[in-house]
Structures are given as structure tokens and as C-alpha cells.
Amino acid sequence: GAVVSQHPSRVICKSGTSVKIECRSLDFQATTMFWYRQFPKQSLMLMATSNEGSKATYEQGVEKDKFLINHASLTLSTLTVTSAHPEDSSFYICSAEPRTGLDRNIQYFGAGTRLSVL
Amino acid sequence: RKEVEQDPGPFNVPEGATVAFNCTYSNSASQSFFWYRQDCRKEPKLLMSVYSSGNEDGRFTAQLNRASQYISLLIRDSKLSDSATYLCVVNKPNDYKLSFGAGTTVTVRA
């Protein structure tokens, strides 16, 4: 299957710090990437849809000024958690859909970033 | 009502046993269905897509019942390595977005 790389895997930071998470599709081009958040024992919740070359589409209740998304190329999307607070501590996961091929409707996930805000 | 609902389990089964569980979805217009597997503190990984006619991949069998709006996953001859949380995933109609269930935890014991 396709490979999606997410970095960093773990972040511990102080309250008020901004944290940047990168998501890369390594062996395919992804027009669309997705950012999810998962709290313990809960399902993945879609935060936003990232489209290459255009503004991200945010789900209801997700603050676009707090969670900045940039999709600069067909293989890279970044999520920046600005002025992080302890309630932002969570598991953030990105996914990407291949642009072409038989698996173009399949989402492949990065390994996730565990954010802990002190 | 949640878009996708799953029995959280856990299902504790001995090695070699068969385990099966369902997932229900609320929107009858949903078109694509998947089972993903998620290990503790890791990312979800696609286990299999679910097709209308049902499909099998080795020890795993998935079924779709559109009339009752549920999908099922059956694992035969359980292995210790099957221990994980299985996520039911359904696409949003006319949309590329996915809705995730909270997962069903399976623990296979020796």
C-alpha cells in the first residue's frame, strides 16, 4: 500500500507554544489530505480537509485560526497548532488519498503525532 | 444518533476461535465501507474494503447488509496478532470524507 510519513511522532511542549506537524505522501501524489484528532478511547474526528493549492475546509467547531493548514505541494501538508493549550493535547493523524490508481479512494494514514501540552 | 456505531467490546477469545462483530451506519446513502485496524497508540491501517456481495481476505470475511444498514467482520482461526481495535469506516454520501466508528476491541489470548 501507499506510504504516508508524519513527523514528529511525539511532541511535548509548554502552553502557548506553536507546534507544526508535517504529513508527506512518499510514493504517490495526494490532491487531498485529511487531518484527524483522536482522544483516548474515542473515534477519529475529522478536523479539516486539506486541498493542494487552495484553502483548507474545516469541520464545524474546529477553529481555523488555531489549526493552520498549508498544503503547499501534492506530497506535503502541514498542520500548525498555534498557541497550544493543555486541552489541545491529543493524537493528531493525517491521511492522504492517492490521486490516481485503483486505490484512489482509499485513505492511507500517517503514524500520528502525540501532542502533550504542559 | 452517531453516524457509525460499534460495540466497543472487548471481545476476549482464545487462539483459534472465531469472532464476529457488527457495525451500524445511519445514512442509507453511504456508498463505501471499510474495516481498518488500529493497534494501541498507532495509526489506523486498512484491513479490507467491504463490497456489496461480501468479500473474504484470508481469515477475514466482511459482509454488507444495506437493508439493515450494517456491516460485519468475521475473523476465523484467531491469532494472537489479531488483537487490536477494529474500526468501521463509512464514507459520507456524495463526499470523499469518512466517518469512523469508535472501534471494537478484540483480544486474543493464548
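Residues numbered from 1 in each chain as written. Chains lettered and ligands numbered in written order. Predicted model: local features only at pLDDT ≥ 70, side-chain atom pairs only at ≥ 80, totals over all residues. Heavy atoms only, no water.

Caption draft 1: Structural view of the overall build of chain A. On a plain count of helices and strands, chain A comes out with zero helices and eleven strands. In sequence order, chain A lays out its α and β elements as β-β-β-β-β-β-β-β-β-β-β. Principal-axis analysis of the C-alpha atoms places the extent of chain A at approximately 45 × 25 × 20 Å. Within chain A, the proportion of its 118 residues that are buried is 54%. Taking all contacts inside chain A whose residues are at least 6 apart in sequence as the whole, residues at least 24 apart take part in 54%. (Helix = DSSP H or I, 4+ residues; strand = E, 2+ residues; numbered from the N terminus. Buried < 20%, exposed > 50% of the residue type's maximum accessible area, 1.4 Å probe, protein only. Contact = heavy atoms within 4.5 Å.)

Caption draft 2: A look at the pairing of strand β11 (residues 113-117) of chain A. Residues and elements named next belong to chain A. Counting buried residues in β11 gives five out of five residues, a clear majority hidden from the surface. Residues of β11 alternate between two faces, with T113, L115 and V117 on one and R114 and S116 on the opposite face, all of them buried. Note: strand β2 (residues 10-13) against β11, four bridges, orientation parallel. Pairing of V11 across the sheet is with L115, part of β11. Inspection of the sheet shows strand β9 (residues 90-97) paired to β11 by three bridges, in the antiparallel sense. Bridge pairing in β11 places Y92 opposite T113. (Pairing = 2+ DSSP bridges.)

Caption draft 3: Here's a closer look at the packing of aromatic side chains. All names here are of chain B. In this structure the tally under the stated criterion is twelve aromatic pairs over all chains. Both rings, one in F21 and one in Y86, keep their centres 5.8 Å apart while their planes meet at 45°; by these two values the pair is tilted. Of the two residues, F21 sits in strand β3 (residues 19-25) while Y86 sits in strand β9 (residues 84-91), which places them 65 residues apart along the sequence. Of the two residues examined, F21 and Y86, each falls in the buried class. For the pair Y25 and F33, a centre-to-centre distance of 4.9 Å together with 50° between the ring planes defines the contact as tilted. Its relative accessible area of 1% is what places Y25 among the buried residues. Residue classification places F33 among the buried residues on the basis of a relative accessible area of 2%. (Phe/Tyr/Trp six-rings, centres within 6.5 Å; stacked < 30°, edge-to-face > 60°.)

Caption draft 4: Quick look at unusual backbone geometry. Cis geometry is found at the peptide bond from A:H7 to A:P8, where omega equals 0°. With respect to the secondary-structure elements, A:P8 resides in the loop between β1 (4-7) and β2. Cis geometry is adopted by the peptide bond preceding B:P10, which originates at B:G9 and carries an omega value of 5°. Structurally, B:P10 is set in the loop between β1 (4-6) and β2 (11-14). The backbone of B:D77 shows a phi angle near 50°, a positive value even though the residue is not glycine. Inspection of the secondary structure puts B:D77 in the loop between β8 (70-75) and β9. B:D77 sits in the partly exposed class, given a relative accessible area of 36%.

Caption draft 5: Looking closely at the sheet that holds β1(A). Residue and element names in this part refer to chain A. Spatially, β1-β3-β8-β7 is the arrangement adopted by the four strands of the open sheet, whose pairing is antiparallel. On the outer flanks of this sheet lie β1 and β7 (67-73), each paired with one strand and no other. Looking at each pair of strands side by side, their axes are set apart by 15° on average, direction ignored. Bridge analysis of β7 against strand β8 (residues 76-81) gives five bridges, and the strand direction is antiparallel. In the strand pairing of β8, I69 is matched with L79. (Axes fitted to C-alpha atoms, helices over the stretch in contact; angles between N-to-C directions.)

Nothing here speaks to function; it is geometry throughout.
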